[in-house]
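# Observations on the three-dimensional arrangement
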Amino acid sequence: MDGKKIGFIVNRRGGGGKGGKTWDKLEPVVATRLASAKWKVEYTQHSGHASDLAREFVNEGYSIIVAVGGDGTISQVVNGYMLADGNSKGCAIGIISSGTGGDFVRTTTTPKNALEALDLILSSESTLVDVGHVSATKPNAPSATNEQYFINICSVGISGSIIKRVESSSIAKYISGGLVYWLYTYLTGISYRPPPVKYTLTGGSAGDDEGKEKQMGLYIMAVANGRYLGGNMHIAPKAQISDGQFDVVCLHDLTLADAFFKASPALKSGNLMNLPAHQAFTQRNTKVSISPVNAKDKIYVEADGEVAGVLPASWEIISQGCRMILPLS
Ligand SMILES: Nc1ncnc2c1ncn2[C@@H]1O[C@H](COP(=O)(O)OP(=O)(O)OP(=O)(O)O)[C@@H](O)[C@H]1O
(Lines give C-alpha, C1' and ligand atoms only; values in the text may rest on other atoms or scores of the structure.)
Protein backbone atom coordinates (compact mmCIF):
# COMPACT_ATOMS: atom_id res chain seq x y z
CA MET A 1 0.00 0.00 0.00
CA ASP A 2 3.10 2.21 -0.11
CA GLY A 3 2.26 5.67 -1.39
CA LYS A 4 -1.36 4.75 -2.10
CA LYS A 5 -4.24 6.91 -0.94
CA ILE A 6 -7.47 5.04 -0.24
CA GLY A 7 -10.84 6.76 0.10
CA PHE A 8 -13.88 4.93 1.53
CA ILE A 9 -17.38 6.14 0.61
CA VAL A 10 -19.86 4.68 3.06
CA ASN A 11 -23.64 4.70 2.66
CA ARG A 12 -24.64 3.95 6.25
CA ARG A 13 -28.27 3.56 5.08
CA GLY A 14 -27.53 0.98 2.36
CA GLY A 15 -29.30 -2.35 2.91
CA GLY A 16 -31.61 -0.75 5.50
CA GLY A 17 -28.69 0.13 7.82
CA LYS A 18 -26.38 -2.77 6.92
CA GLY A 19 -23.91 -0.28 5.43
CA GLY A 20 -23.42 1.46 8.80
CA LYS A 21 -23.05 -1.80 10.72
CA THR A 22 -20.60 -3.20 8.17
CA TRP A 23 -18.42 -0.11 8.36
CA ASP A 24 -18.47 0.04 12.18
CA LYS A 25 -17.01 -3.49 12.27
CA LEU A 26 -14.57 -2.80 9.46
CA GLU A 27 -13.18 0.58 10.50
CA PRO A 28 -10.83 -0.74 13.27
CA VAL A 29 -9.45 -3.31 10.82
CA VAL A 30 -8.92 -0.61 8.18
CA ALA A 31 -7.18 1.59 10.77
CA THR A 32 -4.79 -1.24 11.66
CA ARG A 33 -4.09 -2.50 8.15
CA LEU A 34 -3.69 0.98 6.69
CA ALA A 35 -1.77 2.43 9.64
CA SER A 36 1.14 3.41 7.40
CA ALA A 37 -0.97 4.49 4.42
CA LYS A 38 -3.11 7.56 3.81
CA TRP A 39 -6.80 6.79 4.04
CA LYS A 40 -10.00 8.69 4.65
CA VAL A 41 -13.69 7.87 5.08
CA GLU A 42 -16.65 9.98 3.91
CA TYR A 43 -20.30 9.21 4.69
CA THR A 44 -23.02 9.88 2.13
CA GLN A 45 -25.44 12.53 3.35
CA HIS A 46 -28.07 12.35 0.62
CA SER A 47 -28.94 10.58 -2.61
CA GLY A 48 -26.33 11.38 -5.28
CA HIS A 49 -23.68 12.41 -2.71
CA ALA A 50 -21.55 9.32 -3.44
CA SER A 51 -20.97 10.64 -6.96
CA ASP A 52 -19.69 14.02 -5.68
CA LEU A 53 -17.45 12.30 -3.13
CA ALA A 54 -15.97 9.95 -5.76
CA ARG A 55 -15.23 12.90 -8.03
CA GLU A 56 -13.44 14.68 -5.19
CA PHE A 57 -11.38 11.59 -4.32
CA VAL A 58 -10.27 11.20 -7.95
CA ASN A 59 -9.37 14.87 -8.21
CA GLU A 60 -7.42 14.69 -4.92
CA GLY A 61 -5.23 11.91 -6.36
CA TYR A 62 -6.63 8.91 -4.48
CA SER A 63 -5.51 5.62 -6.04
CA ILE A 64 -8.39 3.50 -4.72
CA ILE A 65 -11.99 4.46 -3.95
CA VAL A 66 -13.94 1.86 -2.00
CA ALA A 67 -17.74 1.92 -2.27
CA VAL A 68 -19.36 0.58 0.91
CA GLY A 69 -23.04 0.16 0.08
CA GLY A 70 -25.44 -1.39 -2.39
CA ASP A 71 -25.88 -1.25 -6.16
CA GLY A 72 -27.08 2.39 -5.98
CA THR A 73 -23.95 3.48 -4.10
CA ILE A 74 -21.63 1.54 -6.42
CA SER A 75 -23.36 3.12 -9.42
CA GLN A 76 -23.00 6.63 -8.04
CA VAL A 77 -19.32 6.06 -7.26
CA VAL A 78 -18.83 4.91 -10.88
CA ASN A 79 -20.62 8.06 -12.09
CA GLY A 80 -18.35 10.37 -10.09
CA TYR A 81 -15.28 8.38 -11.18
CA MET A 82 -16.26 8.62 -14.87
CA LEU A 83 -17.02 12.35 -14.64
CA ALA A 84 -13.58 12.95 -13.09
CA ASP A 85 -11.88 10.61 -15.62
CA GLY A 86 -10.65 8.29 -12.88
CA ASN A 87 -9.14 5.75 -15.27
CA SER A 88 -6.68 8.13 -16.89
CA LYS A 89 -5.76 9.43 -13.41
CA GLY A 90 -4.75 5.90 -12.32
CA CYS A 91 -7.61 5.40 -9.88
CA ALA A 92 -9.48 2.11 -9.26
CA ILE A 93 -12.76 1.26 -7.54
CA GLY A 94 -13.15 -1.44 -4.89
CA ILE A 95 -16.45 -2.75 -3.52
CA ILE A 96 -17.58 -3.73 -0.05
CA SER A 97 -21.13 -4.87 -0.63
CA SER A 98 -23.72 -3.97 1.99
CA GLY A 99 -26.92 -3.26 0.10
CA THR A 100 -30.28 -4.93 -0.41
CA GLY A 101 -30.20 -6.37 -3.94
CA GLY A 102 -26.47 -6.84 -4.55
CA ASP A 103 -26.93 -7.56 -8.26
CA PHE A 104 -23.57 -6.25 -9.49
CA VAL A 105 -21.48 -8.18 -6.96
CA ARG A 106 -23.36 -11.34 -7.94
CA THR A 107 -21.88 -10.98 -11.44
CA THR A 108 -18.38 -10.13 -10.24
CA THR A 109 -18.43 -12.72 -7.40
CA THR A 110 -17.07 -10.08 -5.03
CA PRO A 111 -16.96 -11.63 -1.52
CA LYS A 112 -20.05 -10.87 0.56
CA ASN A 113 -17.94 -10.96 3.70
CA ALA A 114 -16.58 -7.46 4.31
CA LEU A 115 -13.21 -8.60 5.68
CA GLU A 116 -12.64 -10.85 2.67
CA ALA A 117 -13.67 -8.02 0.33
CA LEU A 118 -11.23 -5.66 2.08
CA ASP A 119 -8.48 -8.27 1.80
CA LEU A 120 -9.13 -8.55 -1.94
CA ILE A 121 -9.00 -4.76 -2.39
CA LEU A 122 -5.73 -4.41 -0.46
CA SER A 123 -3.95 -7.33 -2.13
CA SER A 124 -5.10 -7.44 -5.78
CA GLU A 125 -4.35 -5.65 -9.02
CA SER A 126 -7.10 -3.71 -10.76
CA THR A 127 -8.69 -4.72 -14.04
CA LEU A 128 -10.46 -2.72 -16.76
CA VAL A 129 -14.22 -3.14 -17.11
CA ASP A 130 -16.84 -1.69 -19.46
CA VAL A 131 -19.22 1.05 -18.40
CA GLY A 132 -22.61 1.83 -19.93
CA HIS A 133 -23.84 5.33 -20.71
CA VAL A 134 -27.52 6.20 -21.07
CA SER A 135 -29.05 9.41 -22.29
CA ALA A 136 -32.74 9.41 -21.21
CA THR A 137 -35.41 12.09 -21.44
CA LYS A 138 -36.20 13.99 -18.22
CA PRO A 139 -39.69 12.92 -17.09
CA ASN A 140 -40.91 16.50 -16.56
CA ALA A 141 -38.87 18.30 -19.24
CA PRO A 142 -39.24 16.45 -22.57
CA SER A 143 -36.68 18.62 -24.33
CA ALA A 144 -33.95 17.89 -21.73
CA THR A 145 -31.91 14.73 -21.09
CA ASN A 146 -30.41 12.97 -18.10
CA GLU A 147 -26.91 11.74 -18.91
CA GLN A 148 -25.84 8.89 -16.71
CA TYR A 149 -23.33 6.05 -16.46
CA PHE A 150 -24.23 2.57 -15.25
CA ILE A 151 -22.08 -0.38 -14.32
CA ASN A 152 -24.59 -3.22 -14.06
CA ILE A 153 -27.83 -3.06 -16.09
CA CYS A 154 -30.00 -0.29 -17.47
CA SER A 155 -33.48 -1.46 -18.41
CA VAL A 156 -36.77 -0.14 -19.68
CA GLY A 157 -40.36 -1.37 -19.66
CA ILE A 158 -41.91 -3.18 -16.70
CA SER A 159 -38.68 -2.84 -14.67
CA GLY A 160 -38.70 0.97 -15.07
CA SER A 161 -42.34 1.09 -13.97
CA ILE A 162 -41.56 -0.99 -10.86
CA ILE A 163 -38.61 1.19 -9.84
CA LYS A 164 -40.65 4.37 -10.44
CA ARG A 165 -43.38 3.04 -8.13
CA VAL A 166 -40.86 1.97 -5.47
CA GLU A 167 -39.16 5.41 -5.51
CA SER A 168 -42.52 7.25 -5.31
CA SER A 169 -43.92 5.01 -2.59
CA SER A 170 -44.92 6.54 0.74
CA ILE A 171 -44.88 3.13 2.50
CA ALA A 172 -41.23 2.45 1.61
CA LYS A 173 -39.96 3.97 4.86
CA TYR A 174 -42.11 1.67 7.00
CA ILE A 175 -41.35 -1.76 5.55
CA SER A 176 -38.19 -3.51 4.36
CA GLY A 177 -36.70 -2.64 0.96
CA GLY A 178 -37.07 -6.24 -0.24
CA LEU A 179 -40.77 -6.37 0.65
CA VAL A 180 -41.53 -3.01 -1.01
CA TYR A 181 -39.83 -4.21 -4.16
CA TRP A 182 -41.73 -7.51 -4.15
CA LEU A 183 -45.08 -5.73 -3.58
CA TYR A 184 -44.64 -3.29 -6.49
CA THR A 185 -43.31 -6.04 -8.76
CA TYR A 186 -46.56 -7.94 -8.19
CA LEU A 187 -48.83 -4.87 -8.53
CA THR A 188 -47.05 -3.67 -11.67
CA GLY A 189 -47.05 -7.21 -13.09
CA ILE A 190 -50.83 -7.43 -13.10
CA SER A 191 -51.45 -3.94 -14.51
CA TYR A 192 -48.59 -3.55 -17.05
CA ARG A 193 -49.54 -3.57 -20.75
CA PRO A 194 -46.61 -3.52 -23.24
CA PRO A 195 -46.57 -0.10 -24.96
CA PRO A 196 -45.52 0.14 -28.64
CA VAL A 197 -41.94 1.38 -29.11
CA LYS A 198 -39.49 1.84 -31.97
CA TYR A 199 -35.94 0.59 -31.45
CA THR A 200 -32.61 0.39 -33.27
CA LEU A 201 -29.65 -1.86 -32.42
CA THR A 202 -26.18 -1.17 -33.80
CA GLY A 203 -22.69 -2.64 -33.54
CA GLY A 204 -22.26 -6.32 -32.79
CA SER A 205 -24.67 -9.12 -33.60
CA ALA A 206 -27.56 -7.20 -35.18
CA GLY A 207 -26.82 -8.88 -38.54
CA ASP A 208 -29.46 -8.04 -41.16
CA ASP A 209 -31.23 -5.87 -38.59
CA GLU A 210 -28.13 -3.68 -38.10
CA GLY A 211 -29.22 -0.06 -37.78
CA LYS A 212 -32.79 -0.81 -38.93
CA GLU A 213 -35.64 0.75 -36.98
CA LYS A 214 -38.06 -1.93 -35.73
CA GLN A 215 -41.22 -1.88 -33.66
CA MET A 216 -42.54 -4.00 -30.76
CA GLY A 217 -44.76 -4.01 -27.70
CA LEU A 218 -42.15 -3.52 -24.95
CA TYR A 219 -42.33 -5.82 -21.94
CA ILE A 220 -38.69 -5.37 -20.88
CA MET A 221 -35.40 -4.55 -22.59
CA ALA A 222 -32.29 -4.95 -20.48
CA VAL A 223 -29.14 -3.26 -21.75
CA ALA A 224 -26.77 -5.39 -19.74
CA ASN A 225 -23.15 -5.12 -18.69
CA GLY A 226 -23.71 -7.33 -15.63
CA ARG A 227 -25.96 -10.39 -15.40
CA TYR A 228 -28.57 -9.83 -12.68
CA LEU A 229 -31.25 -7.25 -12.01
CA GLY A 230 -34.06 -6.70 -9.52
CA GLY A 231 -32.34 -8.58 -6.69
CA ASN A 232 -31.33 -11.87 -8.35
CA MET A 233 -33.23 -12.00 -11.68
CA HIS A 234 -30.75 -13.78 -13.94
CA ILE A 235 -31.70 -11.78 -17.02
CA ALA A 236 -28.41 -11.73 -18.97
CA PRO A 237 -26.62 -14.98 -18.04
CA LYS A 238 -23.90 -14.63 -20.67
CA ALA A 239 -23.03 -10.95 -20.17
CA GLN A 240 -19.32 -10.22 -19.67
CA ILE A 241 -18.25 -6.97 -18.04
CA SER A 242 -15.08 -6.62 -20.13
CA ASP A 243 -16.15 -7.69 -23.64
CA GLY A 244 -16.84 -4.20 -25.02
CA GLN A 245 -20.49 -5.01 -25.75
CA PHE A 246 -23.88 -4.93 -24.08
CA ASP A 247 -25.96 -8.07 -23.90
CA VAL A 248 -29.36 -6.74 -25.00
CA VAL A 249 -32.09 -9.02 -23.66
CA CYS A 250 -35.64 -8.25 -24.72
CA LEU A 251 -39.09 -9.68 -24.07
CA HIS A 252 -41.90 -8.20 -26.12
CA ASP A 253 -45.48 -8.60 -27.33
CA LEU A 254 -46.43 -10.84 -24.40
CA THR A 255 -49.95 -11.50 -23.23
CA LEU A 256 -50.59 -11.19 -19.49
CA ALA A 257 -50.66 -15.01 -19.23
CA ASP A 258 -47.33 -15.33 -21.09
CA ALA A 259 -45.81 -12.67 -18.82
CA PHE A 260 -46.83 -14.54 -15.65
CA PHE A 261 -46.40 -18.15 -16.64
CA LYS A 262 -43.51 -18.00 -19.11
CA ALA A 263 -41.58 -14.71 -18.84
CA SER A 264 -41.26 -14.45 -15.04
CA PRO A 265 -39.87 -17.97 -14.53
CA ALA A 266 -37.64 -17.61 -17.60
CA LEU A 267 -36.20 -14.31 -16.34
CA LYS A 268 -35.59 -15.69 -12.88
CA SER A 269 -33.71 -18.72 -14.15
CA GLY A 270 -31.89 -16.96 -17.00
CA ASN A 271 -33.53 -19.35 -19.44
CA LEU A 272 -35.45 -17.54 -22.19
CA MET A 273 -35.52 -20.68 -24.33
CA ASN A 274 -39.15 -21.51 -23.64
CA LEU A 275 -40.26 -18.19 -25.15
CA PRO A 276 -40.77 -18.14 -28.93
CA ALA A 277 -38.50 -16.00 -31.13
CA HIS A 278 -41.31 -13.54 -31.87
CA GLN A 279 -41.50 -12.72 -28.13
CA ALA A 280 -37.85 -12.73 -27.04
CA PHE A 281 -34.36 -12.05 -28.34
CA THR A 282 -30.82 -11.62 -27.06
CA GLN A 283 -28.17 -9.71 -29.01
CA ARG A 284 -24.76 -8.20 -28.41
CA ASN A 285 -24.55 -4.52 -29.36
CA THR A 286 -22.57 -1.39 -28.64
CA LYS A 287 -25.40 1.10 -29.24
CA VAL A 288 -29.15 0.97 -28.64
CA SER A 289 -31.91 3.54 -29.01
CA ILE A 290 -35.63 3.31 -28.19
CA SER A 291 -38.49 5.79 -28.47
CA PRO A 292 -42.22 5.51 -27.79
CA VAL A 293 -44.58 5.24 -30.75
CA ASN A 294 -47.10 7.38 -28.88
CA ALA A 295 -45.22 10.48 -27.76
CA LYS A 296 -47.44 10.91 -24.69
CA ASP A 297 -46.54 7.44 -23.25
CA LYS A 298 -44.26 7.82 -20.20
CA ILE A 299 -42.06 4.71 -20.32
CA TYR A 300 -39.54 4.69 -17.48
CA VAL A 301 -35.86 3.81 -17.75
CA GLU A 302 -34.00 2.50 -14.70
CA ALA A 303 -30.22 2.39 -14.39
CA ASP A 304 -28.59 0.23 -11.69
CA GLY A 305 -31.90 0.15 -9.80
CA GLU A 306 -32.76 3.88 -9.87
CA VAL A 307 -34.96 5.90 -12.23
CA ALA A 308 -32.80 7.48 -14.96
CA GLY A 309 -35.60 9.12 -17.01
CA VAL A 310 -38.12 8.12 -19.67
CA LEU A 311 -38.04 7.22 -23.37
CA PRO A 312 -36.75 8.35 -25.85
CA ALA A 313 -33.39 7.10 -24.66
CA SER A 314 -30.13 5.90 -26.17
CA TRP A 315 -27.30 3.76 -24.85
CA GLU A 316 -23.62 3.45 -25.64
CA ILE A 317 -20.89 1.24 -24.19
CA ILE A 318 -17.63 2.74 -22.99
CA SER A 319 -15.29 -0.17 -23.52
CA GLN A 320 -12.92 -0.73 -20.58
CA GLY A 321 -13.71 2.73 -19.23
CA CYS A 322 -13.27 1.96 -15.55
CA ARG A 323 -10.66 0.27 -13.37
CA MET A 324 -12.00 -2.03 -10.66
CA ILE A 325 -10.48 -4.40 -8.15
CA LEU A 326 -12.39 -7.66 -8.58
CA PRO A 327 -11.87 -11.36 -7.95
CA LEU A 328 -10.10 -13.11 -10.81
CA SER A 329 -12.67 -14.87 -12.98
N1 LIG B 1 -27.65 9.80 3.85
C2 LIG B 1 -28.53 9.39 2.95
N3 LIG B 1 -29.84 9.68 3.06
C4 LIG B 1 -30.73 9.23 2.17
N5 LIG B 1 -30.43 8.48 1.09
C6 LIG B 1 -29.14 8.17 0.92
C7 LIG B 1 -28.13 8.59 1.83
N8 LIG B 1 -26.94 8.11 1.41
C9 LIG B 1 -27.20 7.43 0.25
N10 LIG B 1 -28.49 7.47 -0.03
C11 LIG B 1 -29.18 6.81 -1.15
O12 LIG B 1 -29.61 5.51 -0.75
C13 LIG B 1 -29.91 4.79 -1.93
C14 LIG B 1 -29.76 3.30 -1.75
O15 LIG B 1 -28.46 2.97 -1.43
P16 LIG B 1 -27.75 1.59 -1.79
O17 LIG B 1 -27.91 1.28 -3.21
O18 LIG B 1 -26.37 1.68 -1.27
O19 LIG B 1 -28.51 0.50 -0.92
P20 LIG B 1 -29.72 -0.43 -1.26
O21 LIG B 1 -30.72 0.25 -2.11
O22 LIG B 1 -30.17 -0.99 0.04
O23 LIG B 1 -29.02 -1.62 -2.05
P24 LIG B 1 -29.24 -2.17 -3.56
O25 LIG B 1 -29.16 -0.98 -4.46
O26 LIG B 1 -28.11 -3.14 -3.75
O27 LIG B 1 -30.58 -2.83 -3.57
C28 LIG B 1 -29.05 5.39 -3.02
O29 LIG B 1 -29.88 5.98 -3.98
C30 LIG B 1 -28.28 6.48 -2.31
O31 LIG B 1 -28.10 7.63 -3.10
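None of these values were measured; they are calculated from a predicted model.

### Comments concerning a nonpolar patch on the surface
On the surface, I171, Y174, I175, L179, W182, Y186, L187, I190, L256, F260 and F261 cluster together to form a nonpolar patch covering roughly 1,100 Å² of accessible area. Top element by residues in the nonpolar patch is helix 7 (residues 177–191). It accounts for 5 residues. Here L179 lies in helix 7.

### A closer look at the layout of surface pockets
For the largest pocket, the calculated volume is near 1,500 Å³. Looking at the largest pocket, it is lined by 44 residues, and the ones nearest its centre are G15, G72, T100, G305 and E306. Those elements that place two or more of their residues in the lining of the largest pocket are helix 1 (14–33), helix 3 (71–83), helix 6 (158–168) and helix 7. For the lining of the largest pocket, the class distribution of residues is 10 nonpolar, 25 polar and 9 charged. Both domain 1 (5–124) and domain 2 (131–319) contribute no fewer than three residues apiece to the lining of the largest pocket. Size it by volume and the second largest pocket reaches roughly 580 Å³.

### Observations regarding helix 2 (residues 49–59)
Looking at helix 2, one finds that the buried residues are H49, A50, S51, L53, A54, F57 and V58. For helix 2, the elements touching its buried residues are strand 1 (5–10), strand 2 (38–43), strand 3 (64–69) and helix 3. Positive backbone phi, approximately 85 degrees, marks G61, located one or two places after helix 2.

Criteria and cut-off values
- Residues numbered from 1 in each chain as written.
- Predicted model: local features only at pLDDT ≥ 70, side-chain atom pairs only at ≥ 80, totals over all residues.
- Heavy atoms only, no water.
- Patch = residues over 30% accessible without salt bridge, like charges linked within 9 Å, V, L, I, M, F, W, Y side chains within 5 Å.
- Areas by Shrake-Rupley, 256 points an atom, 1.4 Å probe, with all protein chains shown as cover.
- Salt bridge = Lys/Arg side-chain N within 4 Å of Asp/Glu carboxyl O.
- Helix = DSSP H or I, 4+ residues; strand = E, 2+ residues; numbered from the N terminus.
- 1 Å grid on protein atoms, 1.4 Å probe; cavity = no way out; pocket = protein on both sides within 12 Å on 5 of 7 lines; lining within 4 Å.
- Points joined across faces, edges and corners; volume = space filled by probe spheres on them.
- Nonpolar A, V, L, I, M, F, W, Y, C, P; charged D, E, K, R; others polar.
- Domains from an automatic or database assignment.
- Buried < 20%, exposed > 50% of the residue type's maximum accessible area, 1.4 Å probe, protein only.
- Contact = heavy atoms within 4.5 Å.

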